[in-house]
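Structural features, examined
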Amino acid sequence: FLPFPGLSSFPSLPLLSQTESSDCELELSTVRHQPEGLQQLQAQTQFTRKELQSLYRGFKNECPSGLVDEETFKTIYSQFFPQGDATTYAHFLFNAFDMDRNGSIRFEDFVIGLSVLLRGSETEKLQWAFNLYDINRDGCITKEEMLAIMTSIYDMMGRYTSPSVRDDDPSEHVDKFFQKMDRNRDGVVTIDEFIETCQKDEDIMASIKLFENVI
């Protein structure tokens, strides 16, 4: 219900055999960043042990060092949108996954975020979306931040949505969304305003579905 385009396009990862599972555990010692134990990640996410093993295998195939930097993330992500420019949106998405803002995504960062997007509650997904829009992480969303995210989505896929959208639509949508969300008219949207508005306003939920890519 919020724009997470492309996340459903990440290739499906086959489950590992028991032998591959053992290999996976052994290989943890060879990477630059060693993930937390599978048991701990299983407790932190909605994934099973086998699913985590599969995700780790795919993650390691793309990023043998165990870390994903922003340029690698952009390259991988942009493959799913060859007809558009996904660079800016991928930058914002990278920052949302890079929870400690150290310039790289660990396997833990990736699976914890993915767990929320795939299997989190409605509120958890909205909280994650708020963090995506809160670019500078000051606890509120400005109109400029919302416009930056929405414009990046239009750059990536606006021409290919149905119905098609016009070049001036990002600002129009942002004006509409922001006015509804900023309930106390203080010029910023708090997380409570964001979640409450999204959950209660059918028009906003329907409009945001324009960008939805089911994950």
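It should be noted that the structure appears before, not after, this text.
Let me sum up the structure you'll find in this document. (Residues numbered from 1 in each chain as written. Predicted model: local features only at pLDDT ≥ 70, side-chain atom pairs only at ≥ 80, totals over all residues. Heavy atoms only, no water.)

**A word on the pattern of salt bridges**
Inspection of the entire model under this criterion finds eight salt bridges. For K74, the salt bridge is made with E71, and the minimal N-O distance between the two is 3.9 Å. Residue K74 and its partner E71 are both found in helix 4 (residues 70-78); the two are separated by three residues, about one turn of the helix. On the accessibility criterion, K74 (15% relative accessible area) is buried. When its relative accessible area of 52% is taken as the criterion, E71 is described as exposed. (Salt bridge = Lys/Arg side-chain N within 4 Å of Asp/Glu carboxyl O. Helix = DSSP H or I, 4+ residues; strand = E, 2+ residues; numbered from the N terminus. Buried < 20%, exposed > 50% of the residue type's maximum accessible area, 1.4 Å probe, protein only.)

**A look at the side chain of S115**
Position of S115 relative to the elements: it lies in helix 6 (residues 107-119). Residue classification places S115 among the buried residues on the basis of a relative accessible area of 5%. Of note is the side chain of S115, whose polar atom sits 2.8 Å from the backbone nitrogen of Q46. The residues contacting S115, other than those within four sequence positions of it, are T45, Q46, F47 and G120. (Polar contact = N/O pair within 3.5 Å; in protein donor to acceptor, adjacent residues only side chain to side chain. Contact = heavy atoms within 4.5 Å.)

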